Amino acid sequence: MQVNTRLAAIDLGSNSFHMLIAKATSRGYRILTRQRQKVRLADGLQNDLTVDNAALERGVACLQGFAELIERYQPLQVRCVATATLRLAKNRKQLLKLFEQALGFPIDVISGTTEAGLIYRGATAELAQVQQPMLVLDIGGASTEVIAGIGTEPHVLKSLDMGCVVWQNRFFANAIDTQSFARAIAAAEELIAPLAKTYQAHGWDTVCGASGTFRALQDRLRHLSSENMDAAFIMDTMQATIDLGDSQRLLELGIREDRIAVFCGGLAILVALVKTLNIKQVDLAQGALREGLVHTMLAERGAAR
């Protein structure tokens, strides 16, 4: 690929919309701007599986802002993908039409398997140990991706129908207590348990977390002047959350204000993953879906030369 070529990768997640604009370099790429906006598209997913107008309007407003940045940076290639909520939405055609008008570029609604592969690539692209067995977790707004691989090559890719926004609305709308967490964890374990033997047979040396739930936990680690996101810390965080019993008081744990709205939903899913897969420790991934998109675009352009 020609050095200094600019690329834009956009990820329409069920909780947040992300955009990354990067410039190709001799060693890969350099990020020019990174944008994230809480759209909470899954929050607008109604019982009939249509997305309501409020969520639609939030999405349009965000994409109009992204379009302005694209106009400013003039990337040679723009790739935009949408994930779980748009996979589910019965009014997907209407949403896509309005979102594409706002952005000015086509939007590809990708499968859960494709999403998982891109997440894994984004999370592992900078690995120093290319043959290291890895497990990558991404707890999104309406889906959770669990991917096992060796180095940068994914081998087991699953996208599960659970996410921090959906779980927050389903289990924590009225209370944050032991019972709410128990129900949320049990529901997540039902989805994970059938896959546990497959993942454990593959094995891993390192587990990476590539979403807002893990960044929120990283915030708490900094608040405690600690470093290890191990199973004991994750369980302790759940108990501390229950003891507070109020999402607004999560600020006392060091959780940033923009992360607290769906924190309990994501934490319950993570606890289920830790218990069911017997995860000892999680590291924060250096990339996710949008970084995976950039690496894919770079590889495609390199192959076309």
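Here, every reference points to the structure presented above.
Cut-offs used in this document
Residues numbered from 1 in each chain as written. Predicted model: local features only at pLDDT ≥ 70, side-chain atom pairs only at ≥ 80, totals over all residues. Heavy atoms only, no water. Buried < 20%, exposed > 50% of the residue type's maximum accessible area, 1.4 Å probe, protein only. Helix = DSSP H or I, 4+ residues; strand = E, 2+ residues; numbered from the N terminus. Pairing = 2+ DSSP bridges. Core = buried A, V, L, I, M, F, W, Y, C linked by side-chain atoms within 4.5 Å. Contact = heavy atoms within 4.5 Å.

**Q** Provide a residue-level description of the pairing of strand β7 (residues 144–150), including the pertinent values.
**A** For β7, the tally of buried residues reaches 6 of 7 residues, placing the bulk of the element in the interior. The sheet contact formed by β7 and strand β8 (residues 153–160) spans 7 bridges and is antiparallel. Residue pairing across strands places I147 opposite L157, the latter belonging to β8. The hairpin turn running from β7 into β8, its antiparallel successor, is 2 residues long, and G151 in that turn takes a positive phi close to 60°.

**Q** Can you explain unusual backbone geometry? Please cite residues and give values.
**A** Backbone geometry places S225, a non-glycine residue, at a positive phi of 55°. Locating S225 in the fold gives a position in the loop between α8 (212–223) and α9 (231–244). Even without glycine at this site, N278 takes up a positive phi of about 60°. In this fold, N278 is placed in the loop between α10 (263–277) and β10 (283–284). With a relative accessible area of 45%, N278 lands in the partly exposed category.

**Q** Go over the sheet that holds strand β2 (residues 16–25), please, and point to the residues and values.
**A** As summarised here, the arrangement of the 5 strands in space is β3-β2-β1-β4-β5, forming an open sheet in which the pairing is mixed. The outermost strands of the open sheet, each flanked by one partner alone, are β3 (28–38) and β5 (108–109). Here strand β1 (residues 6–12) runs beside β2; their pairing, made up of 7 bridges, is antiparallel. Each bridged residue has a counterpart across the sheet, and for A9 the counterpart in β2 is L20.

**Q** Could you give an account of the nonpolar core, naming the residues involved and the relevant values?
**A** With 55 residues, the main nonpolar core has L135, L137, F181, I234, L273, L277 and I279 as its most contacted residues. The element contributing the most residues to this core is α10, with 11 residues. Here L135 is in contact with V146, I147, A148, Y199, W204, T206, V207, C208, L277 and I279, once residues within four sequence places are set aside. Counting 29 residues, the second-largest nonpolar core is a separate cluster that includes F17, C62, L69 and A89.

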